Amino acid sequence: MSDKTFKMTLHVWRQSGPNDAGKFERYECPEVNPHMSFLELLDDLNERLIADGQEGIAFDHDCREGICGACGVVINGVPHGPQRRTTTCQLHMRQFINGPHEVWVEPFRASAFPIIKDLTVDRGAFDRIIQAGGYVSVRTGSAAEANEIPVPKKIADRAMDAAECIGCGACVAACPNASASLFTGAKISHLGLLPQGQPEREDRARKMVAQHDAEGFGGCTNHNECEAACPKGISVDFIAQMNRDFLKSMLTAKDDVPNRK
Amino acid sequence: MSEGNLMELRSNAPTGPIEERWTKHKAASNLVAPANRRRYNVIVVGSGLAGGAAAATLGELGYNVKCFCYQDSPRRAHSIAAQGGINAAKNYQNDGDSVFRLFYDTVKGGDFRARESNVYRLAELSLNIIDQAVAQGVPFAREYGGGLANRSFGGAQVSRTFYARGQTGQQLLLGAYSALSRQIEAGTVEMFPRHEMLDLIVVDGEARGIVTRNLVNGKIEAHTAHVVVLATGGYGNVFYLSTNAKGSNATAIWRAHRKGAPFANPCFTQIHPTCIPQSGAYQSKLTLMSESLRNDGRVWVPRKKEDCDKDPRSIPEADRYYYLEERYPAFGNLVPRDVASRNAMYVCNDGLGVGPMVDGQRRGVYLDFADAIKRLGEQTVRERYGNLFEMYERITGESPYETPMRIYPAIHYTMGGLWVDYNLMSTIDGLFVGGEANFSDHGANRLGASALMQGLADGYFILPFTIGNYLGTKRNFKEIGDDHPAVKDALNEVTDRIKGLMNAPDPKHAPEYYHRKLGAIMWDKCGMARNKAGLEEAIEEIPKLYEEFKRHVKISGSGESFNQCLERAGRTADFFELGLLMCKDALAREESCGGHFREEHQEEGEAARDDENFSYVAAWAWNGESGSQKLIKEPLSFEYVKPSKRSYK
Ligand SMILES: Cc1cc2nc3c(=O)[nH]c(=O)nc-3n(C[C@H](O)[C@H](O)[C@H](O)COP(=O)(O)OP(=O)(O)OC[C@H]3O[C@@H](n4cnc5c(N)ncnc54)[C@H](O)[C@@H]3O)c2cc1C
Ligand code: SF4
Ligand code: FES
């Protein structure tokens, strides 16, 4: 693996606040080390900008291990950049050795994800979807002995496949309809697959889907761009499962779900 | 605290047969009637395993809860990154595990520097945690019969670790987050994401609120309450490079310390032997590779310096130094974390390190799977470690199937933290501390898979109960309005501190510039091995660097808006003061125990503990300015697990 540094030009979306106009600013990175992560490239640029008296580029990040879901930018039109199944923080610059050496960096755009500043967006809508029903209502201390609820290994593994979602929002940014169906379907499926999730299964699907729509996310029209962009490879099959649970709940439910926000 | 008159630390640990202590303690405690609970306001700072679980449970009980975190969502707390698993004494494997054995292992693992009563309670509650998590839908690994699967972790002799692929922390945190979300929906918990606690409000010796900065718009606000819980995680980032999340910080506990809460055992830090080495000066954090890799990988370095930059595959067997296998024939590559870490450092200090040169040194050793692949076949190795190998390759660009991995130790966990009694309350009434932020249960060294257990035990089962007891006992609270002098003072202090940071007299460099330098001092002089001379140097260097920081730190943008540079500057400032105290504590502890290794105190190369003189918790009380803290000792006694020597030879 080459250790040779290379040059790169970044066009980064700069926007001072939610209601300000934004635009791309051009920055030169004369020495990109192939072992750096993409966020370390931004760190390095920021340190130079700050020493020069300019404001650093605002971007969310925390774990830098691909698990907290805080990071995420669109790189040349692709959420989380060119490497499949990789969050922005785990994307390393060796992916760019052979180009492109001029890239455009933007926030995850969706009307349900208002821009806070530069590359930082407000993904509070995701929290509200979970609050609408993404849980099992179990009181602390009231749980039965754990092994009294056997779960077939296959089912447990499948539930885990869905539960791996990190809540980053790349699926929304990738979707032509800005739908959050993959995110919502993943949680509905995770809990709906397990015996623990059965009592509230239909209610959950109904409430979470209603909240999804109330937040202004679009509907799913099967483009499957979400699965391609998802750093955890969450399968679109979970959207199908959500739709089944939702339909079933609509057939049985009588009461309306009030919109919250 | 009046001068010269040091407070006494009362652990309030119950006495009597150890297995009855927690039950009896609960039976003798006061309660708050359901209808009265909503009159009490509880602030929980932190939404990790400890804070998230506490906020959810307190809300469910009917208290009026406000929960704060600095991330954009409570689901992103650093607990999410824990990989390996969580211990519980379920004995599902029928291999002789029990609550007593988990208790025994934890006290011994902590090198006899933790309170027996606390540790026993932790082992007891481990059972309830698994029940709770399973009921929430945490998708733990299962056996074909549908029961829960376990593995042995970190050299334990029993298989008591529960796991969810390599993402146990994520799944447990999402469980706590779902419980928290349910309470937010129910209106019992109000969530404040993107809020950073910058000070504690203390009125007449009682914690009555916090001051926060809204990270989106820079607003400084006071929140008052009857009880404040800090569950803000560990302080490993004092070393700059660590396996902690970038935002992990000590500010909340440090500000509470400055308001009177003693800081216990600050020098007890844990270093993890298997992390991916630093690749360059730009490095922003280190990534942990699961310890399980040492089960099959062989650790070595070249015997000759001139081989260090060669392709490892070209180095003949006779020229490879399998230093752990040679030095510790009984345990080989599976020696405990601290022993493995120190030996890696020593061989690198001898000039035998491998990998890229960073600041003139190669800091890395090989972890080689070639033999394992020969013995087990690539398929089996892939099944065991496939996801870890993938992660390694993503970060380094090298495939461990083809060439040895490179690893190096990194800071991973901090056992020290705010001093708390058996009720998890600090010396400030009404200030409770849970999770990694307190010093409680791990002594001088934490066992693998026990941090998640402690965070959840604190959050779900201990804090909700001991807080109820506190509120039920106290009852008469003074009304504190926003115009109370203590509130105003705290607000002013925070505003002034921010102004000070924003207006350094001669601004030159971003905060990272200084933080990196602090980290280097800490790592060299208060890291894996410590000695008197080094610590004394550090104690001189840190305040000087801190002065430089104050004069030259450069923060662009404004304090009244989203400003991540300002956030980092504030955290770095507190790390300077904490780093100094860590060195002071390390210097005062003239023994080696657990993660604290003093080079002067060893016997035949092994850590030499001194129970006669150091069997105590070192709690440091703030005394007006940084570096002048006074030491208060909480003596430890052991009734059930008699102190014995660790030996891995
Ligand atoms: C890479 C890695 C792997 C690990 N693997 C394991 C494992 O396998 N098993 C195990 O048992 N342990 C493991 N640990 C340790 C364990 O993950 C942590 O000790 C534990 O999760 C800490 O939980 P916590 O609730 O105390 O704090 P955290 O999860 O760190 O949460 C802290 C919370 O406080 C908030 N906060 C912090 N400061 C402020 C402030 N000033 N104002 C407002 N909010 C603030 C944060 O927003 C966050 O919500 C691992 C640790 C690391 C780094
Ligand atoms: S489904 Fe995938 S892309 Fe969408 S939030 Fe979850 S992890 Fe991110
Ligand atoms: S920073 Fe946590 S997933 Fe990227």
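This one's a predicted model, so the numbers in the text were calculated from it and none came from an experiment.

Residue and element names in this part refer to chain B. Spatially, 6-7-8 is the arrangement adopted by the 3 strands of the open sheet, whose pairing is antiparallel. Edge strands, defined here as strands with exactly one partner in the open sheet, are strand 6 (195-203) and strand 8 (220-224). Pairs of neighbouring strands in the sheet enclose a mean axial angle of 25°, with direction left out of account. The sheet contact formed by strand 7 (residues 206-214) and strand 8 spans 5 bridges and is antiparallel. Bridge assignment links Thr212 to a residue of strand 8, and that residue is Glu221.

The next point concerns unusual backbone geometry. Here Gly99(A) and Pro100(A) are connected by a cis peptide whose omega angle stands at -5°. You will see that Arg165(B), though not glycine, has its phi angle at about 45°, which is positive. Overall, the relative accessible area of 31% leaves Arg165(B) in the partly exposed class. Although it is not a glycine, Leu424(B) sits at a positive phi angle of roughly 65°. Mapped onto the elements, Leu424(B) comes out in the loop between strand 18 (417-418) and strand 19 (431-433).

All names here are of chain B. Inspection of the entire model under this criterion finds 35 aromatic pairs over all chains. Here the aromatic rings of Phe112 and Phe638 are separated by 5.6 Å at their centres, their planes lie at 80°, and the arrangement is edge-to-face. Here Phe112 is found in the loop between helix 4 (99-109) and helix 5 (116-136), whereas its partner Phe638 is found in the segment after strand 23 (630-635), with 526 residues between them in sequence. Of the two residues, Phe112 and Phe638, both sit in the buried class. Ring centres 5.5 Å apart and planes at 70° place the aromatic pair Tyr235 and Phe263 in the edge-to-face group. Pair noted here: Tyr235 is in the loop between strand 9 (227-230) and helix 7 (251-258) and Phe263 is in strand 10 (residues 263-264), with a separation of 28 residues, a long-range link. Residue Tyr235 shares its accessibility class with Phe263, and that shared class is buried. Here the aromatic residues Tyr513, Tyr514, Tyr546, Phe549 and Phe576 are joined through ring pairs into a cluster of three or more.

Time to look at the domain arrangement of chain A. Residues and elements named next belong to chain A. Partitioning chain A into structural domains gives domain 1 (6-106) and domain 2 (124-252). Tallying the contact residues gives 12 residues for domain 1 and 12 residues for domain 2. Buried surface at the junction of domain 1 and domain 2, summed over both partners, amounts to about 840 Å²; 57% is from carbon and sulfur atoms. Tallied by class, residues from the side of domain 1 that touches domain 2 come to 5 nonpolar, 5 polar and 2 charged.

All right, on to helix 2 (residues 124-131) of chain A then. Helix 2 of chain A sits mainly inside the fold: 7 of its 8 residues count as buried. Taken residue by residue, helix 2 of chain A has Gly124(A), Ala125(A), Phe126(A), Asp127(A), Ile129(A), Ile130(A) and Gln131(A) as its buried positions. Those residues of helix 2 of chain A hidden inside the fold are in contact with helix 4 (170-174), helix 5 (181-193) and helix 6 (201-214) of chain A together with helix 6 (168-186) of chain B.

Turning our eyes to something else, we now look at the side chain of Gln167(B). Mapped onto the elements, Gln167(B) comes out in the loop between strand 4 (161-162) and helix 6. Setting aside anything within four residues of it in sequence, one finds Gln167(B) in contact with Ile67(A), Met160(A), Glu164(A), Ala82(B) and Gln83(B).

So, on to a nonpolar patch on the surface. Residues and elements named next belong to chain B. Together, Phe100, Tyr104 and Tyr640 line one region of the surface with nonpolar side chains, adding up to about 250 Å² of accessible area. Mapped onto the fold, Tyr640 is located in the segment after strand 23. Its relative accessible area of 30% is what places Tyr640 among the partly exposed residues.

Another aspect to go through is the side chain of Arg75(B). Relative to the helices and strands, Arg75(B) is located in the loop between strand 2 (64-68) and strand 3 (86-87). Buried and without a salt bridge, Arg75(B) has Asp127(A) as its closest oppositely charged side chain, separated by 5.7 Å. Within the structure, Arg75(B) has its side chain in polar contact with the backbone oxygen of Cys165(A) (distance 3.2 Å). For Arg75(B), the residues in contact, after removing those within four places along its chain, are Asp127(A), Cys165(A), Ile166(A), Gly167(A), Phe183(A), Ile80(B), Leu173(B), Leu174(B) and Tyr177(B).

What follows covers the pairing of strand 9 of chain B. All names here are of chain B. Residue alternation in strand 9 divides its side chains into two sets, Val227 and Val229 and Val228 and Leu230, and both sets are buried. Across 4 bridges, the pairing between strand 1 (residues 41-45) and strand 9 is parallel. Across the sheet, residue Val45 finds its bridge partner in strand 9, namely Leu230. Alignment of strand 9 against strand 19, held across 3 bridges, turns out to be parallel. For Val229, the partnering residue across the bridge sits in strand 19 and is Phe432.

What follows deals with the domain arrangement of chain B. All names here are of chain B. Domain annotation for chain B reports domain 1 (272-410) and domain 2 (485-616). Spacing between the C-alpha centres of domain 1 and domain 2 amounts to 30 Å. Carbon and sulfur atoms make up 59% of the area that domain 1 and domain 2 hide from each other, which totals about 740 Å². Contact with domain 2 buries area across many residues of domain 1, yet Arg342, Met345 and Tyr346 alone supply 50% of it, more than any other trio. The interface formed by domain 1 and domain 2 holds 0 salt bridges in total. The interface formed by domain 1 and domain 2 contains 0 residue pairs in polar contact (both at pLDDT 80 or more). Elements supplying a minimum of two residues to the side of domain 1 that touches domain 2: helix 9 (337-349) and strand 17 (405-414). Among the elements that make up the side of domain 1 that touches domain 2, the one with the highest residue count is helix 9 (5 residues). In the side of domain 1 that touches domain 2, the residues fall into 7 nonpolar, 1 polar and 2 charged.

Reading the values: rules and limits
Residues numbered from 1 in each chain as written. Chains lettered and ligands numbered in written order. Predicted model: local features only at pLDDT ≥ 70, side-chain atom pairs only at ≥ 80, totals over all residues. Heavy atoms only, no water. Pairing = 2+ DSSP bridges. Helix = DSSP H or I, 4+ residues; strand = E, 2+ residues; numbered from the N terminus. Axes fitted to C-alpha atoms, helices over the stretch in contact; angles between N-to-C directions. Buried < 20%, exposed > 50% of the residue type's maximum accessible area, 1.4 Å probe, protein only. Phe/Tyr/Trp six-rings, centres within 6.5 Å; stacked < 30°, edge-to-face > 60°. Domains from an automatic or database assignment. Contact = heavy atoms within 4.5 Å. Buried area = accessible area lost by both parts, 1.4 Å probe. Nonpolar A, V, L, I, M, F, W, Y, C, P; charged D, E, K, R; others polar. Patch = residues over 30% accessible without salt bridge, like charges linked within 9 Å, V, L, I, M, F, W, Y side chains within 5 Å. Areas by Shrake-Rupley, 256 points an atom, 1.4 Å probe, with all protein chains shown as cover. Salt bridge = Lys/Arg side-chain N within 4 Å of Asp/Glu carboxyl O. Lys, Arg positive; Asp, Glu negative; His and termini not counted. Polar contact = N/O pair within 3.5 Å; in protein donor to acceptor, adjacent residues only side chain to side chain.

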